[in-house]
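Listed below are the residues making up each chain.
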Amino acid sequence: SFWDWSLQGSGMCGCCVVLKPQLGDAQLATNNPTLTTVSLEKPFCMFDSSLYPNRSYTIYLYVMKESASAMSSLVTDDSNKPLGSTFQQTSRGQLRPYNAAFFDVPDCAVPPRLADVRSFVHASYVLKQYLFRVGDDGTCLYDPNFLGVCNPPLAPDTTYRFKYVLVDNSEGMVKDQTLWSDPIKTRRAKLPMKIDTCVLVFLLLTGFLASVFFAVMRSEDASAETKGTSPTVQQSESRPQLSSE
Amino acid sequence: MAKTENGVRIFQGLLILGNVVIGMCGIALTAECIYFVSDPHGLYPLLEATENDDIYAAAWIGIFVGFALLALSILGIVGVIKSNRTLLLVYIILMLITFAFEMASCITAATHRDFLTPNLFLKQMLEKYQKPEAGNNNDKWMSEGVTKTWDKLMLQNQCCGVNGPSDWQEYTSAFRTTYSDADFPWPHNCCVLDSQGHPINLDGCKLGVHGFFKSNGCYAAISGPMNRQAWGVAWFGFAILCWTFFVLLGTMFYWSRIEY
């Protein structure tokens, strides 16, 4: 996790070495992985033992579908140079790993302060320093002749594995590589048709009660007319008059 | 005989009082239903798109029933004071008709409240929000209404989706057909916006970093006003009907006692 390597960088912990790509901190990036993207932590302090001063290096990120066989999971050729297989060439990571991106080695000595994410000004900088988003850029898919390094959206509901490779710029040779990451699955989207909208229909007794009340009223009217001795009210313009008897 | 005359007077007084209360309740019912029909929260397009806006029909009936109750209560008061058999008969018949209409309105409002579930609005949002132009004019009209209403809801209530922004990730939607997941894991109105209406940090919003996106669902903002409307029309109507029932009973009894 992020905290493991930051402790390691400060020399306090010698045992928590993480040698494979990890998902970004779930407390920070809650929407990860999404349907077509996976945000990985950049390889802070993973290759420190292989870095020599005054030499420049680049980190290559390889992506492979888990369904690809173990035989084809090599990322280097015979002369230990990194394979340049692209997204299109490897059938979207189905046949072999493809190179999704390359970037500079993250600075182990000055890791990004995640607390700075709360500041709106620094948030973008911190996020870009800390995370790499696989599947971020779909524009290279629109050009059928594009043969360069491509980081297009991943397939939903598919398990992928990732690997970081350290390459020396002058020699062009692979100096170190992490293990393949744990399998990470992109999200699956359900169809809205499957959403159940049950409508509760219940019979209201009120209508039934109303009809009962009306039946009672009618019988009351009928019984009132048969009584001749009770006082009646005479129709008049002013005071009501009782029937004289 | 003076006692029975007093008894008659008291009974007349009670009927007049009953009719006064009916008249006032009629005014109140009309006012309440006009308030609901005016749609202060702007949620009518959502109901229209469910093709079942019966709680609005119930409110419309309530307006006219309220007027009818006011007019009939005046007729009733005049009829009781004059002890005119014809007037009271007209009153009773018209009151029964009004009673039936109000009963229909209340039952409609009460039963349709249970129709308004979260899943209903979720399905509607996923199928109609930002739906690209397709289908007939009616379809287009409903989709536009749903889109505008949702945009307004998300801006005013600082919320996203029905249960939360995860609705957009868990289900496919018409929105998803036009907007890619990489750029729009959820609509940009789900991001915390600045004063110009732009997300304050788009990367943070896309990644789901707290503080940059709205994590609440909008269901409370939809169901609150709609439930109040349904309950308001239904239960106030039922209360008026209960009172009217007893006044009608009394008037029928009084009518049967009038001598020609």
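Each value, and the rule that gives it
- Throughout, a residue's number is its position along its own chain's written sequence, starting from 1.
- The naming scheme follows written order: chains are lettered A onward, ligands numbered 1 onward.
- Only residues with pLDDT of 70 or above have their local features reported here, since the model is predicted, and side-chain atom pairs are shown and tallied only from 80 upward, although totals for entire chains, interfaces and linings are computed over all residues.
- The basis for the side-chain values is all heavy atoms of the structure; hydrogens and waters are excluded.
- Helix numbering and strand numbering both begin at the N terminus, where a helix is a DSSP run of H or I of at least 4 residues and a strand a DSSP run of E of at least 2.
- The rule is simple: take the accessible area with a 1.4 Å probe, protein chains only, and divide by the maximum for that residue type; under 20% is buried, over 50% is exposed, in between is partly exposed.
- Working rule for contacts: check all heavy atoms of both residues, and any pair within 4.5 Å makes them a contact.
- Exposure was quantified through the Shrake-Rupley algorithm and a 1.4 Å probe, taking into account, for residues, occlusion by the shown protein chains and nothing else.
- In summary, the charge assignment counts Lys and Arg as positive and Asp and Glu as negative, without counting His or the chain termini.
- One atom stands in for each charge, and that atom is NZ of Lys, CZ of Arg, CG of Asp or CD of Glu.
- UniProt positions are given in the numbering used here, feature names are shortened, and annotations may be inferred rather than shown by experiment.
- Fitting a line to C-alpha atoms yields each axis, with helices limited to the stretch in contact; the angle taken between N-to-C directions then spans 0 to 180 degrees.
- Angles are sorted into four bins: roughly parallel if under 35 degrees, roughly antiparallel if over 145, roughly perpendicular if 65 to 115, and oblique for all others.
- For any pair of crossing helices, the crossing counts as left-handed if the nearer helix is rotated counterclockwise from the farther one by less than a right angle, and right-handed if it is rotated clockwise.
- Charged residues are taken to be Asp, Glu, Lys and Arg, nonpolar residues to be Ala, Val, Leu, Ile, Met, Phe, Trp, Tyr, Cys and Pro, and polar residues to be all remaining types, Gly included.
- Criterion for a disulfide: a pair of cysteine sulfur atoms at a distance within 2.5 Å.
- pLDDT measures how confident the predictor is about each residue, on a scale from 0 to 100.
- To form a nonpolar core, buried Ala, Val, Leu, Ile, Met, Phe, Trp, Tyr and Cys residues must be joined to one another through side-chain atoms within 4.5 Å.
- A helix's residues, less one, multiplied by 1.5 Å, set its expected span.
- Think of a polar contact as two N or O atoms within 3.5 Å of one another; within protein, one of them needs to be a possible hydrogen donor and the other a possible acceptor, and neighboring residues in sequence only count if both atoms come from side chains.

Within chain B, the regular secondary structure consists of ten helices and one strand. When the elements of chain B are put in sequence order from the N terminus, they spell out α-α-α-α-α-α-α-α-α-α-β. Here the C-alpha coordinates of chain B stretch approximately 90 × 40 × 30 Å along the principal axes. For chain B, with 260 residues in total, the buried portion stands at 52%. Sequence separation of at least 24 residues holds for 74% of the intrachain contacts in chain B that already meet a minimum separation of 6. Approximately 11200 Å² of chain B is accessible, and the part contributed by carbon and sulfur atoms is 65%. Charge separation in chain B, taken as the distance between the mean sites of 16 positive and 21 negative side-chain charges, equals 11 Å.

Residue and element names in this part refer to chain B. According to UniProt, the positions carrying the feature "transmembrane region" (unreviewed entry) are residues 12–37, 57–81, 88–110 and 233–255. Secondary structure over residues 12–37 splits into 100% helix and 0% strand, and the C-alpha atoms at its two ends are 37 Å apart. In the segment residues 57–81, helix accounts for 100% and strand for 0%; the C-alpha atoms at its two ends are 36 Å apart.

With that out of the way, let us pick up unusual backbone geometry. Of note, the bond from asparagine 32 of chain A into proline 33 of chain A is cis; its omega dihedral lies within 30 degrees of zero at -10°. We note that serine 91 of chain A has phi near 60°; this positive angle belongs to a residue other than glycine. Note that serine 91 of chain A resides in the loop between strand 2 (57–65) and strand 3 (98–104). With a phi close to 50°, glutamine 158 of chain B is a non-glycine residue in the positive phi region. Residue glutamine 158 of chain B is classed as partly exposed on the basis of its relative accessible area of 43%.

Residue and element names in this part refer to chain B. Taken N-terminus to C-terminus, the directions of helix 4 (residues 85–113) and helix 10 (residues 219–257) make an angle of 155°; their axes are 8 Å apart at the nearest point. Compared by their axis directions, helix 4 and helix 10 come out roughly antiparallel. Handedness of the helix 4/helix 10 crossing: left-handed. Taken together, the residues of the contact of helix 4 with helix 10 sort by class into 24 nonpolar, six polar and three charged.

Turning our attention to the state of the cysteines. All names here are of chain B. Under the defined criterion, the tally for this structure stands at five disulfides over all chains. In this model, cysteine 159 is linked to cysteine 218 through a disulfide, with the two sulfur atoms separated by 2.0 Å. Disulfide cysteine 159 to cysteine 218: torsion about the S-S bond roughly 100°, handedness right-handed. Placement of cysteine 159 in the loop between helix 6 (137–157) and helix 7 (166–170) and of cysteine 218 in the loop between helix 9 (202–207) and helix 10 is noted, with a sequence separation of 59 residues between them. The exposure class assigned to cysteine 218 is buried, which follows from its relative accessible area of 0%. A sulfur-sulfur distance of 1.9 Å marks the disulfide that ties cysteine 160 to cysteine 190. Taking the sign of the S-S torsion, 75° for the link of cysteine 160 and cysteine 190, the bridge is right-handed.

Moving on, we get to the confidence of the model for chain B. Detailed conclusions should not be drawn from predicted coordinates in areas where pLDDT is low. Residues and elements named next belong to chain B. In the predicted model, chain B carries a mean pLDDT of 91, and the fraction of residues at 70 or more is 99%. The spread of mean pLDDT over the elements of chain B runs between strand 1 (residues 258–259), the lowest at 78, and helix 7, the highest at 94. Complex prediction metrics read pTM 0.78 and ipTM 0.75.

Here we come to the nonpolar core. The nonpolar side chains of a soluble globular protein tend to be buried with one another. Counting 37 residues, the largest nonpolar core has Leu46, Leu116, Phe121, Met125, Trp150, Trp168 and Ile222 of chain B as the members making the most contacts within it. If sequence neighbours within four positions are ignored, tryptophan 168 of chain B has contacts with Met125, Leu126, Tyr129, Cys160, Gly161, Ser173, Phe175, Arg176, Pro185, Trp186, Pro187 and Cys190 of chain B. In this structure, Met217 of chain A together with Val37, Val80 and Ile92 of chain B belong to the second largest nonpolar core, which totals 35 residues.

Taking 1.5 Å of rise per residue, 29 residues should cover 42 Å, and helix 4 of chain B covers 42 Å from first to last C-alpha, within 8% of that figure. Capping the start of helix 4 of chain B, asparagine 84 of chain B holds a side-chain oxygen 2.9 Å from the backbone nitrogen of threonine 86 of chain B, two or three residues further along.

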